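Breakdown of the fold
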Amino acid sequence: GYGRVVVPVQVAVNKVDFSAATNSAIFEFHEPIVIKEAMPLIGLPNGQTIVNITLENPTMRLRAVSIQGGSSQVSISHMDPPYGPATGGNLVSIHGEGFTPTHYTVCKFGGLTTPAYFISKELIECLAPESDTNSAVDVTLRIGGVDVSSSQRYTYLPILIT
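Residues numbered from 1 in each chain as written. Predicted model: local features only at pLDDT ≥ 70, side-chain atom pairs only at ≥ 80, totals over all residues. Heavy atoms only, no water.

One pass over the full model with this rule turns up two aromatic pairs. Ring centres 5.1 Å apart and planes at 85° place the aromatic pair Phe109 and Tyr154 in the edge-to-face group. Of this pair, Phe109 sits in strand β11 (residues 105-109) while Tyr154 sits in strand β15 (residues 146-157), and the two are 45 residues apart along the sequence. The same class applies to Phe109 as to Tyr154, namely buried. Seen in terms of ring centroids, Tyr154 and Tyr156 are 5.1 Å apart; in terms of plane orientation they differ by 80°. Their pairing is edge-to-face. Using a relative accessible area of 0% as the deciding quantity, one classes Tyr154 as buried. (Phe/Tyr/Trp six-rings, centres within 6.5 Å; stacked < 30°, edge-to-face > 60°. Helix = DSSP H or I, 4+ residues; strand = E, 2+ residues; numbered from the N terminus. Buried < 20%, exposed > 50% of the residue type's maximum accessible area, 1.4 Å probe, protein only.)

This next bit is on the nonpolar core. With 19 residues, the main nonpolar core has Ile94, Cys107, Phe109, Leu141 and Tyr154 as its most contacted residues. Every element with two or more residues in this core is listed here: β8 (75-80), β10 (91-97), β11, β13 (123-127), β14 (136-143) and β15. With four residues, β14 is the largest single contributor of residues to this core. When near neighbours in sequence (up to four residues on either side) are disregarded, Cys107 contacts Ile94, Leu112, Thr113, Thr114, Pro115, Ala116, Ile124, Cys126, Thr140 and Leu141. (Core = buried A, V, L, I, M, F, W, Y, C linked by side-chain atoms within 4.5 Å. Contact = heavy atoms within 4.5 Å.)

Relative to the elements of secondary structure, Met79 occurs in strand β8. By relative accessible area, which is 3% here, Met79 ends up buried. On a C-alpha basis, the gap between Met79 and Tyr154 in space is 8.4 Å, while along the polypeptide they are 75 residues apart. Ignoring any residue separated from it by four or fewer positions in sequence, one finds Met79 in contact with Val92, Ser93, Ile94, Val139, Ser150, Gln152, Arg153 and Tyr154.

So, about the side chain of Ser150. Position of Ser150 relative to the elements: it lies in strand β15. Here the side chain of Ser150 touches Gln152 through a polar contact of 3.0 Å, landing on its backbone nitrogen. (Polar contact = N/O pair within 3.5 Å; in protein donor to acceptor, adjacent residues only side chain to side chain.)

Let us look at the sheet that holds strand β12 (residues 112-120). With mixed pairing, eight strands are arranged side by side in an open sheet as β8-β10-β13-β12-β11-β14-β15-β9. Each edge of the sheet is formed by a strand with only one pairing partner; in this case those strands are β8 and β9 (83-85). Averaged over neighbouring strand pairs, the angle between their axes works out to 35° when direction is ignored. Taken together, the three bridges between β9 and β15 define a ladder with parallel strand orientation. The residue of β15 that forms the bridge with Gly84 is Tyr156. (Pairing = 2+ DSSP bridges. Axes fitted to C-alpha atoms, helices over the stretch in contact; angles between N-to-C directions.)

Written as structure tokens, this is what we have:
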């Protein structure tokens, strides 16, 4: 229905997770939601089942009207490894402090964006995206709309063909 209600929200598009943590935001719904199909109809009792919902009208507008809880000081100390192949796909661990699962977070390698995975208050992991450059790029975490930069750069290594 319409109106304000606190709901746990998980949003994913093409398997890319854009979630806010459970109960971290209050959303307003601007249209009636008509569900065309939901699969599966039965889930696990602990609530860990992913249900795919198809809407009658696939466009839904949500507006965050408040975010509950404050953000602490976030910083990046280092990343490991600070290099990888230009083909991308390299798992990069970003170490720091103040990370939370309650904000939408992505990793930026130069101008390329990739999903971020919250591991702990001190660790976020990202898969380095493919790059057409063989050089060092700035690494930034975008956390809740705020950029947090690393002093360390990520170096894309050329692919050696033997």
